[in-house]
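Listed below are the residues making up each chain.
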Amino acid sequence: MQKIAAGNWKMNGISTSLSEISLLAQRHSTSDVEILICPPVTLLGNACSLPGSVAIGAQNCHISRSGAYTGEISAQMIAELGAKYVIIGHSERRSNNGETDYIVQKKMMSAQQEGLTPIVCIGETLRQRQNSQTLSAIKTQLDGSLSSEAAKSPIVIAYEPVWAIGTGHVPSMSEIAQVHEFCRKQLKRRFGDLAVNIPLLYGGSVKGSNAAEIFALQNVNGALVGGASLKAEDFSQIILALEDA
Ligand code: 13P
């Protein structure tokens, strides 16, 4: 299984930030981990032109290839730049931009059609966790966000509990393990043998100090990291932990 350390810069970073990607490429030039940075779209083209093996991804794409959608960016445009991945259905987009599972599925299909690997994000809210609805919420999101053909092309799933994002609160290791095992089972039920090759990432307050114990869990194949991916120094600690896992 490919191990993936993915950094989601969200709405952070200007051109001087590109040096962080170059530093990562230098430090981890022989890594067996797929190192991925998803910068804001303004940096995407320049990031894709940097030398080194750090993969580049976008943070969102439109469901359509082209058309009258002012301000939007299509998967075709992202792929043309040389990006390999696109994050789809991040909880910030689900809550701030009204993205439903149906829209997420359409975006995921659009990404795969252009040869991009979608990183489909799922995760329960605090209320769902407190009401013991975590697994049912995850099941609904997985069922609704993935097309029936989803596993026939490369795809990545990121489990990001909404309440763990940017808060410093991380689920217990047994809670993470439970959701990842559940995701794997659901994917197998739906996609059969193809499901064993789908990397499952954990996201939500991952740092150098907690990465090793998270990566030691079964069915955790890497991380989707926000704040701790902005500086090469911090992200390197997480990459090192994944290299050792
Ligand atoms: P933090 O690592 O800052 O909690 O963000 C996680 C996230 O939302 C990555 O997509």
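Structure's up top.
Below is a summary of the structure that appears in this document. (Residues numbered from 1 in each chain as written. Predicted model: local features only at pLDDT ≥ 70, side-chain atom pairs only at ≥ 80, totals over all residues. Heavy atoms only, no water.)

## Let's talk about the overall build of the protein chain
Right, on to step 1. Each helix and strand in the protein chain was counted, giving ten helices and eight strands.
Right, on to step 2. Against the globule reference of 18 Å for 245 residues, the protein chain gives a C-alpha radius of gyration of 17 Å, in line with a compact fold.
Right, on to step 3. In terms of principal-axis extent, the alpha carbons of the protein chain reach across some 45 × 45 × 35 Å.
Right, on to step 4. Counting all 245 residues of the protein chain, 52% fall into the buried class.
Right, on to step 5. Here the contacts in the protein chain between residues at least 6 apart in sequence split such that 72% fall between residues at least 24 apart.
Right, on to step 6. Put simply, the protein chain shows about 11,100 Å² of open surface, and 50% of that area lies on carbon and sulfur atoms. (Helix = DSSP H or I, 4+ residues; strand = E, 2+ residues; numbered from the N terminus. Rg over C-alpha atoms; globule rule 2.2 N^0.38 Å. Buried < 20%, exposed > 50% of the residue type's maximum accessible area, 1.4 Å probe, protein only. Contact = heavy atoms within 4.5 Å. Areas by Shrake-Rupley, 256 points an atom, 1.4 Å probe, with all protein chains shown as cover.)

## Thoughts on the nonpolar core
Right, on to step 1. Formed by 63 residues in total, the largest nonpolar core has its most connected members in L146, I157, L187, F215 and F235.
Right, on to step 2. Residue contributions to this core peak at seven residues, all from helix 8 (residues 173-191).
Right, on to step 3. In this structure F215 touches V220, G222, A223, I238, A241, L242 and A245, once residues within four positions along its chain are discounted.
Right, on to step 4. Ranked by size, the runner-up nonpolar core spans 13 residues in total, among them C38, A55, C121 and A158. (Core = buried A, V, L, I, M, F, W, Y, C linked by side-chain atoms within 4.5 Å.)

## Thoughts on the side chain of N210
Right, on to step 1. For N210, the location among the structural elements is in helix 9 (residues 208-215).
Right, on to step 2. Taking the relative accessible area as the measure of exposure, N210 reaches 9% and is therefore buried.
Right, on to step 3. In contact with N210, other than residues within four places in its own chain, are V170 and S205.

## Observations concerning unusual backbone geometry
Trans peptide bonds make up most of the peptide bonds, and negative phi angles are found at most residues other than glycine.
Right, on to step 1. In this model, K10 sits at a positive phi of 50 degrees, which is unusual for a non-glycine residue.
Right, on to step 2. Position of K10 relative to the elements: it lies in the loop between strand 1 (4-8) and helix 1 (18-27).
Right, on to step 3. K10 gets classed as partly exposed once you look at its relative accessible area, which sits at 22%.
Right, on to step 4. Positive phi, normally seen in glycine, also occurs at S132, with a value near 55 degrees.
Right, on to step 5. Relative to the elements of secondary structure, S132 occurs in the loop between helix 6 (126-130) and helix 7 (134-145).
Right, on to step 6. Taking relative accessible area as the criterion, S132 reaches 69% and is therefore assigned exposed.

## A look at the side chain of H180
Right, on to step 1. With respect to the helices and strands, the residue H180 is situated in helix 8.
Right, on to step 2. Of the polar contacts made by the side chain of H180, one reaches the backbone oxygen of N219; its length is 2.8 Å.
Right, on to step 3. The contacts of H180, once residues within four sequence positions are left out, are Y159, L200, L201, Y202, Q218, N219 and V220. (Polar contact = N/O pair within 3.5 Å; in protein donor to acceptor, adjacent residues only side chain to side chain.)

## Some details on the sheet that holds strand 4 (residues 85-88)
Consider a sheet: its strands pair through backbone hydrogen bonds, and that pairing is either parallel or antiparallel.
Right, on to step 1. Strands sit in the order 1-2-3-4-5-6-7-8 around a closed barrel of eight strands; the barrel is parallel. For this sheet, the mean angle separating the axes of adjacent strands, direction not counted, is 25 degrees.
Right, on to step 2. As judged from the three bridges shared by strand 6 (residues 156-159) and strand 7 (residues 200-203), these two strands associate in the parallel manner. Within the sheet, the bridge partner assigned to I157 lies in strand 7 and is L200.
Right, on to step 3. Its contacts with the sheet place helix 7 against strand 5 (117-122) and strand 6, and it is angled at close to 150 degrees to strand 5. (Pairing = 2+ DSSP bridges. Axes fitted to C-alpha atoms, helices over the stretch in contact; angles between N-to-C directions.)

## Structural notes on a nonpolar patch on the surface
Right, on to step 1. Together, V41, I73 and M77 make up an exposed nonpolar region whose accessible area comes to about 230 Å².
Right, on to step 2. Note on placement: V41 falls in helix 2 (residues 41-49).
Right, on to step 3. A residue is classified by how much of its surface remains accessible, and V41, at 47% relative accessible area, is partly exposed. (Patch = residues over 30% accessible without salt bridge, like charges linked within 9 Å, V, L, I, M, F, W, Y side chains within 5 Å. Salt bridge = Lys/Arg side-chain N within 4 Å of Asp/Glu carboxyl O.)

## Section: the site of the ligand
Right, on to step 1. Not every one of the 13 residues close to the ligand is listed here, only the nearest: K10, H90, G166, S205 and G226.
Right, on to step 2. For the ligand, the protein covers 94% of the area, taking 300 Å² as the surface of the free molecule.
Right, on to step 3. In the shell around the ligand, the residues fall into four nonpolar, seven polar and two charged. (Near = heavy atom within 4 Å. Nonpolar A, V, L, I, M, F, W, Y, C, P; charged D, E, K, R; others polar.)

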